[in-house]
Amino acid sequence: MDFSSLDLNALINDYAIPWGIRIALALVIFYLGRGVVALVVRGVEKVLERQKVDETLVSFMTSILRWLLLLFVVIAALSQLGIDTTSLIALLGAAGLAVGLALQGSLANFAAGVLIIIFRPFTRGDFIDAGGAMGTVDKISIFTTILTTPDNKEVIVPNGGIIGGVITNFSARPTRRVDMVFGIAYDDDLRKARQILEEIIAADDRILADPAPVITVGELADSSVNFLVRPWVNAADYWAVLWDTTETVKLRFDEAGITIPFPQREVHVRQPAAPAAASAPAVE
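Read on for an overview of the structure. Just so you know, these numbers come straight off a predicted model, no measurement behind them.

Scoring rules and cut-offs
Residues numbered from 1 in each chain as written. Predicted model: local features only at pLDDT ≥ 70, side-chain atom pairs only at ≥ 80, totals over all residues. Heavy atoms only, no water. Helix = DSSP H or I, 4+ residues; strand = E, 2+ residues; numbered from the N terminus. Buried < 20%, exposed > 50% of the residue type's maximum accessible area, 1.4 Å probe, protein only. Contact = heavy atoms within 4.5 Å. Areas by Shrake-Rupley, 256 points an atom, 1.4 Å probe, with all protein chains shown as cover. Pairing = 2+ DSSP bridges. Axes fitted to C-alpha atoms, helices over the stretch in contact; angles between N-to-C directions. Salt bridge = Lys/Arg side-chain N within 4 Å of Asp/Glu carboxyl O. Patch = residues over 30% accessible without salt bridge, like charges linked within 9 Å, V, L, I, M, F, W, Y side chains within 5 Å. Core = buried A, V, L, I, M, F, W, Y, C linked by side-chain atoms within 4.5 Å. Parallel < 35°, antiparallel > 145°, perpendicular 65-115°, else oblique. Left-handed = near helix turned anticlockwise from the far one by under 90°. Nonpolar A, V, L, I, M, F, W, Y, C, P; charged D, E, K, R; others polar. Expected span 1.5 Å × (residues − 1). Arc of directions from axis to C-beta.

This part covers the overall build of the chain. A tally of helices and strands in the chain yields seven helices and 10 strands. Per-residue burial for the chain yields a buried fraction of 25% across its 284 residues. For the chain, the share of sequence-separated contacts (at least 6 apart) that also reach a separation of at least 24 residues comes to 63%. Total accessible area computed for the chain in this model is approximately 19500 Å², and 61% of it derives from carbon and sulfur atoms.

Listed below in structure tokens is the structure:
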């Protein structure tokens, strides 16, 4: 009896053929699974684009989905080879937990970035006040939002700070109300001052007729009678109208002899009493 041929046949039947089938099935599972993953990711991407979800979020979500599905495909292929994947899954879970604990702040910013992209409290180009900074939104990413300040500084704000606080979007509405207060002295002509203010507002083409501007006496203050002047303008004209109107009111009030009171303080300096003359020393 040829023992070498028997050993070779047993090796082929017991190891080569079963392992060859397992490896072939694992490769089939891997390649087919990879193709299915590509189809699923492409389908999800089309659905998100059809729903007009932001491109940044689409790219990020499809990337995460692709890697998660590929991870399941690899685990399935390894399981076909007879490898115990339970320990591998537990190891991956423990590693994920450790990474999550180490990156709590980053994950909070990531979650906030997803919320910003989904709910869109502001978009690129809006002028906002959020996260302790004010400026024009230049870029919205998953972890941070980049603002450009009016003096052309770049401010990078973590998304967690934005979502966790108050967001003021100055560009959300097409029109804004300009709130101004002008005080005149009690001795000045109230009607004349009102007429001047009405003329200034009526002469400015940037001020909207609807809603109608408000010009009224708002307060009898300690040293002045305060007019509230509240015209409505297009959002892009807000600052120009505010500055131009303030300057024009000062010039027109000066021409009409109307004074704008300003805080004054009288300071009384009390001179200390002169010290008494020292007595002359006695002469013995």
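What follows is about the sheet that holds strand β8 (residues 214-220). A sheet is described by the order of its strands in space; here three strands give the open sequence β7-β9-β8, paired in antiparallel fashion. If you trace the sheet from one side to the other, it starts and ends with β7 (180-184) and β8, each paired once. Within this sheet the neighbouring strands show an average axis-to-axis angle of 30 degrees, counted without direction. Inspection of the sheet shows β7 paired to strand β9 (residues 225-230) by five bridges, in the antiparallel sense. What sits directly across from Met180, in β9, is Val229.

What follows deals with the pattern of salt bridges. Counting across every chain of the model gives seven salt bridges. Residues Lys153 and Asp151 are paired through a salt bridge, measuring 3.6 Å at the closest nitrogen-oxygen approach. Linking Arg252 and Glu199 is a salt bridge whose minimum nitrogen-to-oxygen distance equals 2.6 Å. Placement of the pair is Arg252 in helix α7 (residues 238-256) and Glu199 in helix α6 (residues 190-203), with a sequence separation of 53 residues.

Relative to the helices and strands, Ala111 resides in helix α4 (residues 104-119). For Ala111, a relative accessible area of 38% gives the class partly exposed.

One ladder, built from four bridges, connects strand β1 (residues 127-130) with strand β2 (residues 133-140); its direction is antiparallel. The partner of Ile128 across the bridge, within β2, is Gly135. Here β1 hands over to β2 after two residues, with Gly131 in that stretch at a positive phi of 65 degrees. Sheet topology places β1 next to strand β5 (residues 168-169); two bridges connect them, and they run antiparallel. The partner of Ile128 across the bridge, within β5, is Asn169.

What follows is about a nonpolar patch on the surface. A contiguous nonpolar surface patch, about 420 Å² in accessible area, is contributed by Trp19, Ile23, Leu27 and Tyr31. Looking at the secondary structure, you find Trp19 in helix α1 (residues 3-50). On the accessibility criterion, Trp19 (39% relative accessible area) is partly exposed.

Turning to the nonpolar core, a few remarks are in order. Among the nonpolar cores identified, the biggest contains 21 residues, and Val178, Ile184, Leu197, Val229 and Phe253 are the most heavily contacted of them. When contributions to this core are tallied by element, the ones reaching two or more residues are β7, α6, β9 and α7. Sequence-distant contacts of Val229, that is, excluding residues within four places in its chain, are made with Val178, Asp179, Met180, Phe182, Leu197, Ile201, Val214 and Ile215.

The subject of this paragraph is the packing of α6 against α7. For the pair α6 and α7, interaxial distance at closest approach is 10 Å and the crossing angle is 140 degrees. With respect to α7, the element α6 is oriented oblique. The interaxial crossing formed by α6 with α7 has right-handed handedness. Contacts from Lys192, Ala193, Ile196, Leu197, Glu199, Ile200 and Ile201 in α6 reach Thr245, Thr248, Val249, Arg252, Phe253 and Ala256 in α7. Here the contact of α6 with α7 is built from residues that sort into eight nonpolar, two polar and three charged.

Our next topic: α6. Here α6 is 14 residues long and its end C-alpha atoms lie 20 Å apart, about the 20 Å a rise of 1.5 Å per residue gives. Regarding α6, the residues found buried are Ala193, Ile196, Leu197, Ile200 and Ile201. On an axial view of α6, the arc spanned by its buried residues comes to 130 degrees, and they lie on one face. More than 90 degrees from the buried face of α6, the exposed residues found are Arg191, Ala202 and Ala203. Against the buried residues of α6 lie β7, β8, β9 and α7.

The terminal C-alpha atoms of α7, which comprises 19 residues, lie 27 Å apart, in line with the 27 Å expected from a rise of 1.5 Å per residue. Taken together, the buried positions of α7 are Tyr238, Val241, Leu242, Thr245, Val249 and Phe253. Down the axis, α7 shows its buried residues gathered within 95 degrees of arc, on one side only. In α7, the exposed positions angled more than 90 degrees off the buried face are occupied by Trp243, Glu247 and Glu255. Those residues of α7 hidden inside the fold are in contact with β6 (175-177), β7, α6 and β10 (232-234). Taken from the residues just after α7, Gly257 is the one with a positive phi, measuring 75 degrees.

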